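What follows is each chain in one-letter form.
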Amino acid sequence: MPRSTAEKRAAFHTLHRQGCFAIPNPWDRGSARYLESLGFQALASTSSGHAWSQAQADGAMPRDAVLAHLREIVAATDLPVNADFEDGYGDTPEQVAASVRLAVATGVAGLSIEDGTGNPADPQYPLDVAVARLAAARAAIDAAGGDTLLVGRAENFIVGRPDLDDTLARLRAYAAAGADCLYAPGIRTREQIAAVVAAVAPKPVNLLVGGTFELTMAEIAALGVRRVSVGGGLARAAWGGFMRAAKDLAQQGRFDGFAGAATGAELNGLFGAR
């Protein structure tokens, strides 16, 4: 019997209370189903992976397309799904609240709100504005029943402002405004990770590991991180294999890139299971 939305959300909250879990990021229904088959306990969407699958750059997908994508991922799996909901698709708190209400209605178990503006000249919202936007998301979730987990993101390290003190101040403010989980994509060192965990304790922290990394899951867990996402990492890995095989064929007339490819029987067996 498939789990209800309420059951998925309850399970998602439970995952954040202790231990450390990996939350990989599928970009379509097939990748979501495969990740579920491997025994992961939750999934998260990836704005970049989804955009690339639609021949768009990250950040270029309109809100309605993202909402449709979230509904597809939620329907594809019995696992809780966290939405990469970018900046909430609006500058003002009222616009963010309206978008969050629509996201909650897709059945996601959690969603993240970023403080990045998308403007290279002024890449982050002022703290007071960012807090108001996060608080509006919190209020929208609470009005819908309150069981969707809210993640607050400080984008400093990926928008060219690698100021750890400001990152910590922002994350503390987002925690106080109602974020259930905190996230500073781009931090990499043990010292940075430990500082973020300490700053928002006892609230859980998500760590983004989008490429090769010196720390293992066990070492990350020992630093107090609750969950580890990979963003567009899996989508980029898939694109890398596809691009290598296609270039071999186009440029050298060779088929070496097909080595290690999944078999049709394997894929048919996976997707014929339901």
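Here's what I pulled together on the structure shown here. Fair warning: this is a prediction, and the values are worked out from it, not measured in the lab. (Residues numbered from 1 in each chain as written. Predicted model: local features only at pLDDT ≥ 70, side-chain atom pairs only at ≥ 80, totals over all residues. Heavy atoms only, no water.)

With respect to the layout of surface pockets
Here is step 1: In this model, the largest pocket occupies a volume close to 860 Å³.
Here is step 2: Together, 44 residues line the largest pocket, and D58, E114, R153, E155 and I158 are the ones closest to its centre.
Here is step 3: For the lining of the largest pocket, the elements supplying multiple residues, two or more each, are α3 (47-53), β3 (81-84), β4 (110-114), β7 (205-208), β8 (227-229) and α10 (233-252).
Here is step 4: The dominant element in the lining of the largest pocket, judged by the number of residues it contributes, is α3, at three residues.
Here is step 5: The space that makes up the second largest pocket amounts to roughly 600 Å³.
Here is step 6: If you go around the second largest pocket, you meet 20 residues; those closest to its centre are W27, S31, Y34, L234 and A238.
Here is step 7: In terms of residue count, α10 provides more of the lining of the second largest pocket than any other element does, six residues in total.
Here is step 8: Of the residues contributing to the lining of the second largest pocket, the split by class is 14 nonpolar, four polar and two charged. (1 Å grid on protein atoms, 1.4 Å probe; cavity = no way out; pocket = protein on both sides within 12 Å on 5 of 7 lines; lining within 4 Å. Points joined across faces, edges and corners; volume = space filled by probe spheres on them. Helix = DSSP H or I, 4+ residues; strand = E, 2+ residues; numbered from the N terminus. Nonpolar A, V, L, I, M, F, W, Y, C, P; charged D, E, K, R; others polar.)

So, the nonpolar core
Here is step 1: Of all hydrophobic cores here, the largest spans 57 residues; its most connected members are F85, V100, L111, I113 and Y174.
Here is step 2: Once you skip the residues sitting within four places of it in the chain, V100 turns out to touch F85, L111, I113, A137, A140 and I141.
Here is step 3: One finds F21, I23, V151 and Y183 within the second-largest nonpolar core, a separate group that totals eleven residues. (Core = buried A, V, L, I, M, F, W, Y, C linked by side-chain atoms within 4.5 Å. Buried < 20%, exposed > 50% of the residue type's maximum accessible area, 1.4 Å probe, protein only. Contact = heavy atoms within 4.5 Å.)

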